[in-house]
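Summary of structural features
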Amino acid sequence: MLFCDVSARQPNAEIRLSGELAADTVADLGAQFDALIRTGHRQLLVDGRGLSQVSPVCVAVFNRAATGVLPLGGQLILTGLSNADANRLRSAGLHGAILVTQAPMR
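Considering the sheet that holds strand β1 (residues 2-9)
Here we have 5 strands laid out as an open sheet, ordered β1-β2-β3-β4-β5, and mixed in their pairing. The open sheet terminates on both sides in strands that have one partner only, identified here as β1 and β5 (99-101). Adjacent strand axes in the sheet meet at a mean angle of 20°, parallel and antiparallel pairs treated alike. Summarising the sheet, β1 and strand β2 (residues 12-21) pair through 8 bridges and their orientation is antiparallel. For Cys4, the partnering residue across the bridge sits in β2 and is Leu17. Packing of helix α2 (residues 59-69) onto the sheet brings it into contact with β2, β3 (43-54) and β4 (75-79), and relative to β4 it is tilted by some 145°.

Here it is in structure tokens:
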């Protein structure tokens, strides 16, 4: 199960994730990203500190969101992931424009 807590004020949105980001939950995250981008949010901060599992299958969803905000002058930032999770995502083809940080950004 994946929980998304969204705090949004255009053009920024912070998405705090908890639970499992896996094959059966990644579509929900993609739908959330699509809705935020469609409503004018272009700075997406994804806080993954509450995730117990991060599957490489989610790379496509992150990459699609990044390619949606980049032409708008925006950015996708992933924060709070373990080094192992961040490396796993990079190895799976995470878009180079996605910023991956350890500490939450404000």
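Quick look at the side chain of His41
Tracing the chain through its elements places His41 in the loop between α1 (26-38) and β3. Taking the relative accessible area as the measure of exposure, His41 reaches 7% and is therefore buried. Apart from the residues within four sequence positions on either side, His41 is in contact with Ala8, Arg9, Gln10, Pro11, Asn12, Ala13, Leu36 and Val69.

Section: the pattern of salt bridges
Evaluation of the coordinates by the stated rule reveals 5 salt bridges. Two residues, Asp34 and Arg64, come together in a salt bridge whose shortest N-O distance is 4.0 Å. Highlighted residues: Asp34 in helix α1 and Arg64 in helix α2, separated in sequence by 30 residues. Accessibility expressed as a relative area gives 33% for Asp34, which makes it partly exposed. Note on Arg64: relative accessible area 43%, which makes it partly exposed. Taking the shortest distance from any N to any O, the salt bridge between Asp47 and Arg49 comes out at 2.6 Å. A relative accessible area of 4% means that Asp47 is categorised as buried.

Overview of α1
The first and last C-alpha atoms of α1 sit 18 Å apart over 13 residues, in line with the 18 Å expected at 1.5 Å per residue. Those residues of α1 not exposed but buried are Val26, Leu29, Gly30, Phe33, Leu36 and Ile37. Buried residues in α1, looked at end-on, bunch into an arc of 125°, giving them a common side. When the buried face of α1 is taken as reference, the exposed residues oriented beyond 90 degrees from it are Ala27, Asp28 and Arg38. Summarising the contacts, the buried residues of α1 are in contact with β1, β2, β3 and α2. One or two residues past the end of α1 sits Gly40, with phi positive at roughly 95°.

Definitions and limits used
- Residues numbered from 1 in each chain as written.
- Predicted model: local features only at pLDDT ≥ 70, side-chain atom pairs only at ≥ 80, totals over all residues.
- Heavy atoms only, no water.
- Pairing = 2+ DSSP bridges.
- Helix = DSSP H or I, 4+ residues; strand = E, 2+ residues; numbered from the N terminus.
- Axes fitted to C-alpha atoms, helices over the stretch in contact; angles between N-to-C directions.
- Contact = heavy atoms within 4.5 Å.
- Buried < 20%, exposed > 50% of the residue type's maximum accessible area, 1.4 Å probe, protein only.
- Salt bridge = Lys/Arg side-chain N within 4 Å of Asp/Glu carboxyl O.
- Expected span 1.5 Å × (residues − 1).
- Arc of directions from axis to C-beta.

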